[in-house]
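Structural overview for review
Residue strings, one per chain:
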Amino acid sequence: QTIDQLRDVMPEVYEQFAAIAEKLEKHYNDMQDMEFTIEDGKLYMLQTRNGKRTAAAALKVAVDLVDEGMIDEKEAVCRVEPKQLDALLHPTFDAEALKKAAVVGKGLAASPGAACGRVVFTAEEAKEWAARGEKVVLVRLETSPEDIEGMQVAQGILTVRGGMTSHAAVVARGMGTCCVSGCGDIVVDYAAKQFTLGGKTYKEGDWISLDGSTGNIYGEAVATVPADPGSGYFGRLMGWADKYRQLGVYTNADTPRDAKQAVTFGAEGIGLVRTEHMFFEGDRIKAVREMIVAENTEERKKALAKLLPYQQGDFEGIYEVMGERPVVVRYLDPPLHEFLPSKPEDIAELAADMGITTERLNEVVAALHEVNPMMGFRGCRLAVAYPEIAEMQTTAVISAAINVTKKGQYTIKPEIMIPLTTDIKEMKYVKEIVVSTADKLIAESGIDLKYEVGTMIENPRAALLADEIAAEAEFFSFGTNDLTQLTFGFSRDDAGKFLGYYYDKKIYESDPFAHLDQNGVGKLVENGVKLGKSVQPEMHMGICGEHGGDPTSVEFCHKVGLSYVSCSPFRVPIARLAAAQAAIKNPR
Ligand code: PEP
Ligand code: MG
C-alpha cells in the first residue's frame, strides 16, 4: 500500500505522520528514510536516517533542496557522490533482470557501465559481427593498439590479464566502453574459440554480460538500460560545481570524436593527446612499420614523410574541435615492438605485404625484443635515438596550428609534451629539435605563432630533479601511471596478479593505479610541484595519469596546487564535481 492510502484509512494518524516527516526532513535538511509502526491507532516513529538514493535521485534531491531554500549551492554540490555520476553517463543493468542473473566470475572494474553481448575473440570478428548488427563482447588475453577498431564496436571488453592502467582499461575508459580486466580465472583457448570460467565453457556467439562498475561477469544476457544524464538537474548541479572549483578539468583524447565528446561533458582543454593511438588507423600503420624496419636515417625519414600528412590531419581535426582551448600533444611514447606482430604467421604475412623477407622482419622483431619494455626503449629515448621522429611530429603539430590559425577563426597555441624525461640534458636535446623545427616553419608561415614545450613528470628521477628540468620545460604534466609503476616497481600491466593478496592481508587498501598513493607517489608529485614552482612560480602544471578522474586523487591535486586534472572524456563530469568539493572543503 502506498502512504497516501493511510490518509483514507486513518486520517488523523496520517496528518500526524506527515507533520513529523516534514519536521525530520527540515531538521536533517535531507531526504529521510523513516520507519514507523501504528499500534491501536497510535503512531510510533522507530528510526530515521538520510535515505539512500540512486544517482538520478541524488541530483534531483540536491537541486530540489536548493530550490526549497533548505541548503545552498555549495552544500548541494557536496551532497552528490562524484563516482555516482558514472551511472548517469553509462548504460546500467535493468534492476529486475539483474536480480535474476548469476555472477560467474569477477575481474577489475576497469571501465564503468553495463554491457551485454555475444562472445568474440578477435578485433576482426568483433567488426564482422557488429557489421551484421550483432552486439558483441570482445574477450582477449589482453588488448593492444591493434585491437582498437574491434574495441570501438564492442559493447564491452573482457580481458584475462591487465590492471587498471593496462591498454584495455585506459582505451575503454577513453571510449566510454564497459571493461572488466584482469580476470585471471578465465582460461582462453583462442584456437577453439572458447573460454572457461567457473567450470563452464563459453563459445564464440554465446551471450555474456559485464558490469564495468563492479567487475562482475554474468554468463548470460542481462538486459541493459541506456545512459540518462537526467538533463536539467545534471546541468544545474554541474553548473554550480564549475562555479566553485579552482582546478581546471581537461581530458585525455586522441581523436576529434573523443575531443567533441569530452567538450560536451565540460572539458576545458586536452591535457594529453597520445599521438601513437592514431598510428593504427587505416593506412598509417604501414608507414609506421616502414619507419620501424628502416635500415638507416634516410629510409626512416622517407617513411616518416608518409606519416606526416596523417598526423597533421589528426591535429588539424583536434584543433578545429577544441578551438583556442589548450591542447597538449604528447610525442611518441610506447616501445616500437607494439606496432609489429609477434606470431610467426603474422610476421610472415606482414613481411610479404611489405615486400621484405621474413628473415629481415624476424631480425627487426628480435632486435626490438626487451625483457622489460616499459623500462626500455620508449618515451623520449626514441626521440634521442631517432630525432627525425620528433622533427616529423613537430612539423605535424606546428603546420596544423598554422593552417587552422590561417583560416582565421582561432589562434592556436600548441603545447608540445616530451614523455618520460629523466634528465635535463635529455630534455634540452629533444627540445632543441622541437624548437629549431618549429621556428623555421613559423618563420616561413609569416604568422606569429606561439607555442610551448613542456614535459611529463612520470619518472621518479624527473620528480626529484624537477627544479633542474623546470629550467627548460615550460609546463609539467604528472604522468602518474608511469610514476606509480616506476615508484612501486609494479608493472602496470601485471600488478593485478598479486595486488589481491595485499588487499586480503590488509597491506594495501586499494589499487595504487586507480587511487593515487598519496604517501609515496603523491610525495613525489608534491615535491615536483614545489621544485618546479621554485624556478617558475607561474608554471602551469597538471596531471594526465588515470588518477586525474579519480575523486580522492583529484582532491589531492587540488591540495598540492596543480592547475588542472586531465582524464578520460567520460570521467570529466566526475572530476568537475570532485574538484568543486575539494575547493569547497579546502579553498586555496
Ligand atoms: C602516464 O604515464 O601517467 C601517462 C599519462 O602516460 P601513458 O599512460 O600513456 O604512459
Ligand atoms: Mg606514461
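Anyway, here's the lowdown on the structure attached to this text. (Residues numbered from 1 in each chain as written. Chains lettered and ligands numbered in written order. Predicted model: local features only at pLDDT ≥ 70, side-chain atom pairs only at ≥ 80, totals over all residues. Heavy atoms only, no water.)

Some thoughts on the sheet that holds strand S5 (residues 108-111)
- Pairing in this open sheet of 8 strands is mixed, and the strands run S4-S14-S13-S6-S7-S8-S9-S5 from one edge to the other. Each having just a single partner strand, strand S4 (103-106) and S5 make up the two edges of the open sheet. Pairs of neighbouring strands in the sheet enclose a mean axial angle of 30°, with direction left out of account.
- In this sheet, strand S8 (residues 156-159) lies alongside strand S7 (residues 136-140) in parallel orientation, the contact comprising 4 bridges. Of the residues in S8, the one forming a bridge with Leu138 is Ile157.
- Across the sheet, helix H9 (residues 167-175) lies against S5, S8 and strand S9 (178-181), angled at about 45° from S5, the strand it touches most. (Pairing = 2+ DSSP bridges. Helix = DSSP H or I, 4+ residues; strand = E, 2+ residues; numbered from the N terminus. Axes fitted to C-alpha atoms, helices over the stretch in contact; angles between N-to-C directions. Contact = heavy atoms within 4.5 Å.)

A few points about the pattern of salt bridges
- Tallying each qualifying case throughout the model produces 41 salt bridges.
- One salt bridge connects Arg289 with Glu146, and the closest N-O pair in it is separated by 3.8 Å. Here Arg289, found in helix H12 (residues 284-293), pairs with Glu146, found in the loop between S7 and helix H8 (148-153); they are 143 residues apart in sequence, far enough to count as distant.
- On the basis of relative accessible area, Glu146 is assigned to the partly exposed category, the value being 41%.
- Among the ionic pairs, Arg360 bridges to Glu363, the shortest N-O distance being 3.4 Å. Of this pair, Arg360 and Glu363 both sit in helix H15 (residues 358-368), 3 residues apart, which is roughly one turn of the helix.
- Each of Glu276, Arg330, Asp333, Arg378, Asp482 and Arg492 takes part in a single network of salt bridges with overlapping partners. (Salt bridge = Lys/Arg side-chain N within 4 Å of Asp/Glu carboxyl O. Buried < 20%, exposed > 50% of the residue type's maximum accessible area, 1.4 Å probe, protein only.)

Quick notes on the coordination of the magnesium ion (ligand 2)
- Summarising the metal site, the magnesium ion (ligand 2) is bound by the protein donors Glu458 (OE) and Asp482 (OD), whose distances to it range over 2.0 to 2.1 Å. Residue Glu458 is found in the loop between strand S20 (452-457) and helix H19 (460-464), and its partner Asp482 is found in helix H21 (residues 480-488); the two are separated by 24 residues along the sequence. This pair shows no difference in class: Glu458 is buried, exactly as Asp482 is. (Donors = N, O, S within 2.8 Å, 3.2 Å for Na, K, Ca; no water.)

Observations regarding the packing of helix H14 (residues 344-354) against H15
- Contact geometry for H14 and H15: axes closest at 8 Å, N-to-C directions at 120°. Compared by their axis directions, H14 and H15 come out oblique. When the axes of H14 and H15 are compared, the crossing they make is right-handed. Listed contacts from H15 to Ile347, Ala348, Leu350 and Ala351 of H14 are Thr358, Leu361, Asn362 and Val365.
- Its residues placed into classes, the contact of H14 with H15 shows 6 nonpolar, 2 polar and no charged. (Parallel < 35°, antiparallel > 145°, perpendicular 65-115°, else oblique. Left-handed = near helix turned anticlockwise from the far one by under 90°. Nonpolar A, V, L, I, M, F, W, Y, C, P; charged D, E, K, R; others polar.)

Looking at the environment of Thr165
- As for its placement among the helices and strands, Thr165 is situated in the loop between S8 and H9.
- Sequence separation between Thr165 and Asp493 is 328 residues; the distance between their C-alpha atoms is 6.9 Å.
- Ignoring any residue separated from it by four or fewer positions in sequence, one finds Thr165 in contact with Val170, Asn481, Arg492, Phe513 and Glu546.

Quick word on unusual backbone geometry
- In this model, Asn29 sits at a positive phi of 55°, which is unusual for a non-glycine residue.
- Of note, Asn29 is situated in the loop between helix H2 (11-28) and strand S1 (32-39).
- The phi dihedral of Leu420 falls on the positive side, at around 55°, and the residue is not glycine.
- Summarising the element assignment, Leu420 is placed in the loop between strand S19 (415-418) and helix H18 (424-445).

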